[in-house]
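Coordinate analysis (summary)
What follows is the residue order along each chain.
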Amino acid sequence: MMDHIQAKTLHARRGSLKNAFTYGVDFVLCDPATDTPPALLSRNRFNLWSLWDKHHGGPRGKGRGLDWFRDELSQRGLAPDDYSLVLLTQPSFLWFHFNPVSFWIATKDGTPRAFIAEVNNTFGHRHCYFCAHDDLRPIEKRYSIIAEKLMHVSPFQKVEGQYRFNFGMTDAAFDIRILYENGDQGVLATLEGARKPATNRSLGWAAVRRPLGAARVVALIYWQALILYLKRAPFLRKPAPPTPLVSDSQTYRGDQK
């Protein structure tokens, strides 16, 4: 059964120049191999809402979807067939697609054991952070997984420092926290929402309540960028895209929220 997460996201800038905002966003959680979506959502076909393999799993616009995730797990010694493999993402709205972050998740016994955070910026770049504990025990929100920041995301933040991922996933809800830290600078981003079955009614209501889907998200990103620019936040030039496409988490720290 495909889930529709009518979520709330918070972005809060750390450091001397403060800025914070919260807005609603629509995600779906699906098993690309088995889930049959409602009529208003299609896979690899144009619709009001749609999921496209080419937008996920590999370089932007050249993705391989679930096959890519299976390959990434295999390269790290994980047997993909031992896990349930799902994707948490914002679907495309009509013709428009953009996702600041999506998550490929490998679960066992209903709990996440590994995930890849597929991070995109508005300049066409993507970098993916593979996160798991060394012993592949369940990932709980109270534990932090640390990854070195390797891609330019915001023109107001340097490509330095680290991400601290706190990933909460239950049968009822998602509660995800990503803290970017670079000394006393950084950004806190959260994603929270209940898991409900994806239906034509819920997807239709989302199109009315939050019109234009991903295009609305991009507009909000640029609006907040304008606010930071007017506040005279330092503006950085766009660097080259990161290589390689996927990196593993660098450090594990437990019992930290």
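You'll find the structure just up there.
Residues numbered from 1 in each chain as written. Predicted model: local features only at pLDDT ≥ 70, side-chain atom pairs only at ≥ 80, totals over all residues. Heavy atoms only, no water.

**Structural notes on the pattern of salt bridges**
Pairing is possible between side chains that carry opposite charge, provided their charged atoms lie close to one another. To keep things clear, this is the line we draw: Any Lys or Arg side-chain nitrogen located within 4 Å of an Asp or Glu carboxyl oxygen qualifies as a salt bridge. When accessible area is computed with a 1.4 Å probe and restricted to protein chains, residues below 20% of their type maximum are described as buried, those above 50% as exposed, and intermediate ones as partly exposed. Comment: elements are numbered from the N terminus, with helices defined as DSSP H or I runs of at least four residues and strands as E runs of at least two.
Taken as a whole and assessed by the stated rule, the structure comprises 13 salt bridges. Where D71 meets R64, a salt bridge forms, and the shortest distance between an N and an O atom there is 2.8 Å. With a relative accessible area of 34%, D71 lands in the partly exposed category. The residue D175 makes a salt bridge to K141 at a minimum N-O spacing of 3.4 Å. Of this pair, D175 sits in strand β12 (residues 173-182) while K141 is found in the loop between β9 (126-132) and β10 (144-148), placing the two residues 34 residues apart along the sequence. We classify D175 as partly exposed; its relative accessible area is 26%. Residue classification places K141 among the partly exposed residues on the basis of a relative accessible area of 33%. By sharing partners, the salt bridges in this structure join E72, R76 and D248 into a single network.

**Looking at the pairing of strand β2 (residues 19-30)**
We apply this condition: Strands are treated as partners if at least two bridges between them are detected by DSSP.
The buried fraction of β2 is high, at 10 of 12 residues. Pairing of strand β1 (residues 3-14) with β2 involves 11 bridges; the strand directions are antiparallel. Across the sheet, the residue bridging to D3 is L29, located in β2. Taking the residues between adjacent antiparallel strands as the criterion, β1 and β2 are bridged by four residues, where G15 takes a positive phi near 110 degrees. Sheet topology note: the β2/strand β5 (residues 84-89) ladder contains three bridges and is antiparallel. Following the sheet pairing, C30 is matched in β5 by L87.

**Looking at empty space enclosed by the protein**
Definition in use: Cavities and pockets are defined on a 1 Å grid built over the protein atoms alone: a cavity is a set of grid points where a 1.4 Å probe fits but cannot escape, while a pocket is an open set with protein on both sides within 12 Å along at least five of seven lines, and lining residues are those with an atom within 4 Å of any such point. Grid points are joined across faces, edges and corners, and a volume is the space filled by probe spheres set on the points. Residue polarity follows a fixed list, in which Ala, Val, Leu, Ile, Met, Phe, Trp, Tyr, Cys and Pro are nonpolar, Asp, Glu, Lys and Arg are charged, and the others, Gly among them, are polar.
Across all of its chains, the model carries two cavities of 30 Å³ or more by this definition. In this structure, the largest cavity encloses a volume near 80 Å³. In terms of lining, the largest cavity is formed by V25, D26, W49, Q90, P91, R210, G213, A214, R216 and V217. Of all the elements in the fold, those that place two or more residues in the lining of the largest cavity are β2 and α3 (214-230). When residues in the lining of the largest cavity are grouped by element, the largest group, three residues, is from α3. Its residues assigned to classes, the lining of the largest cavity comprises five nonpolar, two polar and three charged.

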